[in-house]
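Below, each chain spelled out in residue letters.
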Amino acid sequence: MTPLAGYLLVAALVFAIGLAGALTRRNAILVLIGIELMLNAANLNLIAFWRFGPHPEALTGVMFAVFSIAVAAAEAAVGLGLVISIYRHVRTADLDKMNRMKG
Amino acid sequence: MIPAVPMVAAGVIALLKQPRRRAAAALAIGSLAFSLLVALAAFGHVLGGWASGHAVRESVNFTWVEFGSATVDLGWVLDPLSAVMMVMVTFVGLLIFIYSTGYMAHDENFTRFFCFLSLFAGAMLGVVIANSLLLLFMCWELVGLTSYLLIGFWFQKPSAAAAAKKAFLTTRVGDVFFLLGIVWLFAQTGTLLFYNNGAGSMEPLALGGLLAAPAALGLSAASAIALLIFAGAAGKSGQLPLHVWLPDAMEGPTPVSALIHAATMVAAGVYLVARVYPLMQAGMPTGGTTTALTVVTWVGASTAVFAALIAVAQNDIKRILAYSTVSQLGYMMAGLGLGGVAVGMFHLITHAFFKALLFMGAGSVIHGCHEEQDIRHMGGLWKKMPVTFATYAAGMLALAGFVPFAGFWSKDAILESAQGWKLSQGPFFMLVFGALLTAFYMTRQVSYVFFGAYRGHGHAHESPRVMTSPLAILAFFAVTLGFLGTPAWPWFRSFLSDRPARFELAGFSEPGILALMLTSTGVVVAGLLLGWWLYGNKSPRADEPDALEKAMPPVWRALRDRLYVDELYGATVIAFYAWFARVADWLDRRVWGGIVSLVTGFFGLWAKFNRFLDTYWVDGAFDKGCEELSSGGGLVARVQSGRVQTYLRLLALAVVVLAAILIWSSHP
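K.L.:
For this particular structure, what's the right way to read the overall build of chain B?
P.N.:
Regarding its fold elements, chain B presents 26 helices and two strands. Sorting the 668 residues of chain B into buried and exposed places 50% on the buried side. Across chain B, contacts joining residues at least 24 apart in sequence account for 76% of those joining residues at least 6 apart.

K.L.:
Before we go on, may I ask you to explain the overall build of chain A in this structure?
P.N.:
Scanning chain A from N- to C-terminus turns up three helices and zero strands. In terms of overall dimensions, chain A is more spread out than a globule: its C-alpha atoms have a radius of gyration of 17 Å, far above the 13 Å expected for 103 residues. By principal-axis analysis of the C-alpha atoms, chain A measures approximately 50 × 25 × 15 Å. Classification of the 103 residues of chain A by burial places 12% in the buried group. Sequence separation of at least 24 residues holds for 51% of the intrachain contacts in chain A that already meet a minimum separation of 6.

K.L.:
What is the right way to look at the interface of chain B and chain A in this model?
P.N.:
Taken residue by residue, the interface counts nine residues in chain B and 10 residues in chain A. Of the residues belonging to the side of chain B that touches chain A, the class tally is three nonpolar, four polar and two charged.

K.L.:
Quick question: what am I supposed to make of the packing of helix 14 (residues 317-339) of chain B against helix 15 (residues 341-368) of chain B here?
P.N.:
For any two helices packed against each other, the geometry is given by the interaxial angle and the distance between the axes. Residue and element names in this part refer to chain B. At a closest axis distance of 8 Å, the pairing of helix 14 and helix 15 adopts a crossing angle of 175 degrees. In terms of their interaxial angle, helix 14 and helix 15 are classed as roughly antiparallel. Here I317, K318, L321, T325, Q328, Y331, M332, M333, G335, L336, L338 and G339 of helix 14 lie close against helix 15, whose contacting residues are V341, V343, G344, H347, L348, H351, K355, L358, F359, A362, V365 and I366. The class makeup of the residues in the contact of helix 14 with helix 15 is 15 nonpolar, seven polar and two charged.

K.L.:
Could you clarify how one ought to interpret the packing of helix 15 of chain B against helix 17 (residues 386-400) of chain B in this entry?
P.N.:
Residue and element names in this part refer to chain B. Close contact between helix 15 and helix 17 brings their axes to 9 Å; oriented N to C, the two are set at 145 degrees. Where helix 15 crosses over helix 17, the handedness of that crossing is left-handed. The segment helix 15 lies against helix 17, with F354, L357, L358, G361, S364 and V365 engaging T388, T391, Y392, G395, M396, A398 and L399. Looking at the contact of helix 15 with helix 17, its residues break down into eight nonpolar, five polar and no charged.

K.L.:
So what exactly am I meant to see when it comes to helix 1 (residues 4-24) of chain A here?
P.N.:
Within an α-helix, residues lying three or four positions from one another point in the same direction, as the helix has 3.6 residues per turn. The end-to-end C-alpha distance of helix 1 of chain A, which contains 21 residues, comes to 30 Å, matching closely the 30 Å that a straight helix rising 1.5 Å per residue would cover. Along helix 1 of chain A, the positions that sit buried rather than exposed are A11(A), G18(A), L19(A) and A22(A). On an axial view of helix 1 of chain A, the arc spanned by its buried residues comes to 100 degrees, and they lie on one face. Exposed side chains of helix 1 of chain A directed beyond 90 degrees from the buried face belong to A5(A), G6(A), L9(A) and L13(A). Contacts made by the buried residues of helix 1 of chain A are with helix 2 (28-51) of chain A together with helix 26 (644-666) of chain B.

K.L.:
What exactly am I supposed to notice about the environment of R100(A) here?
P.N.:
With respect to the secondary-structure elements, R100(A) resides in the segment after helix 3 (60-90). Residue R100(A) is classed as exposed on the basis of its 9 C-beta neighbours within 10 Å.

K.L.:
Would you mind showing me how to read helix 3 of chain A here?
P.N.:
All names here are of chain A. Relative to the 45 Å expected for 31 residues at 1.5 Å per residue, helix 3 spans 44 Å between its end C-alpha atoms, a close match to the ideal helical length. Within helix 3, only zero of the 31 residues are buried, leaving the element largely exposed. One or two positions beyond helix 3, positive phi appears at R91, with a value near 65 degrees.

K.L.:
Please explain the nonpolar core as it appears in this structure.
P.N.:
Across soluble globular proteins, nonpolar side chains show a tendency to be buried alongside one another. Residues and elements named next belong to chain B. Ranked by internal contacts, the top residues of the largest apolar core, which has 199 residues, are V273, L431 and A478. Of the residues forming this core, the biggest block, 17 residues, is contributed by helix 15. Setting aside residues up to four positions removed in sequence, L431 forms contacts with A301, A304, Y331, A334, I414, L415 and A418.

K.L.:
What is the right way to look at the confidence of the model for chain B in this model?
P.N.:
Fine structural detail should not be taken from predicted coordinates in areas where pLDDT scores are low. Looking at chain B, the pLDDT average stands at 77 and 80% of residues meet or exceed 70. Taken element by element, chain B is modelled with least confidence in helix 1 (residues 4-15) of chain B, mean pLDDT 56, and with most confidence in helix 26 of chain B, mean pLDDT 88.

K.L.:
Whenever I open this one, the environment of L658(B) confuses me. Can you help?
P.N.:
Within the fold, L658(B) resides in helix 26. Sequence separation between L658(B) and S324(B) is 334 residues, and the spatial gap between their C-alpha atoms is 125 Å.

K.L.:
How should the environment of F97(B) be read in this particular structure?
P.N.:
If you trace the backbone, F97(B) turns up in helix 3 (residues 80-103). A C-alpha to C-alpha distance of 22 Å links F97(B) and T480(B), two positions 383 residues apart in sequence.

Conventions adopted
Residues numbered from 1 in each chain as written. Chains lettered and ligands numbered in written order. Predicted model: local features only at pLDDT ≥ 70, side-chain atom pairs only at ≥ 80, totals over all residues. Helix = DSSP H or I, 4+ residues; strand = E, 2+ residues; numbered from the N terminus. Buried ≥ 20, exposed ≤ 12 C-beta atoms within 10 Å, placed from the backbone. Contact = placed C-beta atoms within 7 Å. Rg over C-alpha atoms; globule rule 2.2 N^0.38 Å. Nonpolar A, V, L, I, M, F, W, Y, C, P; charged D, E, K, R; others polar. Axes fitted to C-alpha atoms, helices over the stretch in contact; angles between N-to-C directions. Parallel < 35°, antiparallel > 145°, perpendicular 65-115°, else oblique. Left-handed = near helix turned anticlockwise from the far one by under 90°. Expected span 1.5 Å × (residues − 1). Arc of directions from axis to C-beta. Core = buried A, V, L, I, M, F, W, Y, C linked by C-beta atoms within 7 Å. pLDDT = per-residue confidence, 0-100.

In structure tokens:
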């Protein structure tokens with residue numbers, strides 16, 4: 001069996017990539033992708049700790065992860081909706097150009 | 001009844017401000033006629049009381065001001081003295097009012113004249129009936145005010161305005177002393193009422209207290225207060241040092257001169273002395289006299305002679321009469337000092353009649369000679385103005401004291417008292433000399449005016465009836481009034497001092513009386529003859545020097561220039577005052593002004609300093625702060641970059657830091 005540390009390391013790696021992407025990409029969609037990556041990395045963490053935790057047969061870990069995926073999906077939808085609505089306004093998806101806080 | 005007398009006359013004034021001449025005159029004359037009727041009724045009442053044996057002295061008093069336990073009361077009194085004065089004032093005043101309608105007919109300020117006349121009448125009556133020294137003083141000041149208004153009636157003439165001011169200021173000097181006397185009296189006795197059922201200031205209780213209280217120079221408070229009050233009377237009645245305003249007051253219209261400066265206002269001073277006579281008399285040893293009365297006598301006698309001397313050399317018809325008035329006022333004061341209230345007051349009453357007559361006659365002459373006042377430009381008027389001449393002659397003989405006219409009896413009463421004065425015979429001789437001078441200057445005046453050839457311009461004409469009838473009435477009284485005071489029937493004296501009067505010819509044979517009468521008649525005749533010899537029926541031309549002037553030029557010049565009293569005042573008092581005014585002005589501008597400028601300068605500097613501080617410190621600090629704030633705000637605003645990724649980076653950083661802290665805090 002792969003040790004817990006392995007899963008955690010992968011999850012951490014994915015999280016770091018996601019964070020780096022969310023923080024540094026210019027395109028808004030890519031920032032959303034980075035956020036999705038972070039969320040998935042967190043899911044990985046959840047599953048890992050479930051499997052190696054005290055009650056691996058219970059469904060708590062899976063439930064938690066399913067919830068998280070659902071929430072991530074919803075949040076992605078909302079985020080895309082926001083990006084589309086902003087795109088309609090400023091005609092660009094470049095985040096650096098979206099610094100006007102005036103409505 | 002008593003209070004209504006002056007109030008009616010004074011109440012007319014408020015209504016008199018209209019351009020309707022006849023209404024004004026009618027109101028004034030009507031009100032004074034009414035006052036006369038009331039005064040006669042009051043007089044009758046007093047007369048009845050006297051005749052039936054119990055004296056009338058009724059008073060009505062009321063409290064005016066109360067402070068603490070002290071009160072200031074006012075009131076009015078009806079007794080023989082005030083009754084007699086009231087009748088005289090209203091009667092003579094009424095005649096003068098009637099006369100004025102004729103005299104002032106051409107004047108455009110007719111209504112204003114009658115307004116002032118009525119105000120004066122009201123004030124004078126107030127003086128007469130006052131029972132309180134304070135009420136008397138208030139009406140006294142009002143009389144002074146109306147005198148100022150009336151003397152300066154033709155105020156466009158600078159000499160008239162100056163004369164009015166002089167009159168007011170000179171009497172003011174006297175009034176200051178008067179006020180001091182009033183205040184002292186009040187402080188000493190606690191009341192200013194004259195008669196108050198035993199508590200008044202003229203009643204024995206108060207007088208005793210006043211005698212006991214000492215003042216300066218060995219005088220008692222009574223004498224000192226009496227002298228102060230006399231100073232006020234001296235100002236108003238033109239006694240020696242304060243007489244300078246009276247001749248100048250002739251700038252006013254002749255009815256004013258007749259009313260105010262012959263018959264009534266100047267008599268107010270004499271009346272005042274008569275009113276406070278118990279005070280003047282307080283502590284009089286039998287057969288002697290008090291300090292106050294001595295002063296009164298000497299001042300009066302000196303004034304009599306001084307003014308008579310000046311009158312000899314005057315050329316203005318009214319000025320001669322003015323100095324004559326001053327002289328006669330001296331007689332009255334001397335009479336009061338020498339013989340008592342009755343003697344002085346009798347002369348006052350008779351003088352009022354014949355002096356008013358003389359002034360009105362002079363006014364008639366002036367009117368008839370077309371406003372000419374210099375006697376050197378008159379003459380021969382006995383043919384052209386017969387009524388005026390006849391009445392004037394009656395008045396002149398009465399003034400000179402020719403038997404049996406009124407002035408003879410009253411002047412003789414004074415001379416009799418003077419002869420009997422224990423202190424000195426000085427006043428007696430002075431008064432006799434004054435009588436000689438009186439006869440002399442009056443003859444001179446009458447000769448110049450009525451006899452000889454007419455030296456004036458144009459035609460002289462007799463005056464209208466409205467002016468000559470009062471003259472006739474007054475002439476009648478000038479002749480007959482004296483009989484109220486003959487030694488044989490001393491009605492006047494008895495009336496005033498509340499003794500019964502009997503007619504007895506034996507009065508004439510009292511020791512010295514007949515001799516005195518002969519002496520005074522002789523003196524008068526001597527004066528008349530001297531005047532006639534020098535002036536009668538000659539008609540010197542206007543530019544020729546006077547007969548006396550030819551004889552004694554330096555004496556004449558000195559007399560004509562009024563013995564330089566005005567010049568003396570000008571050199572001393574007025575010069576001092578002008579100097580003082582200059583000093584005060586210098587002080588005001590340099591010293592006080594300097595201080596004020598210093599203070600304002602200081603404040604200005606302080607203000608500038610504050611502004612400096614304000615600009616550089618406060619504002620500067622504030623502005624710096626604001627700048628910092630705005631730049632800080634600018635800095636902080638940069639956080640609001642609107643760039644989502646910046647926010648995310650910060651967020652990630654914060655999470656890392658938080659995690660680090662959590663991890664390291666759980667691993668100590």
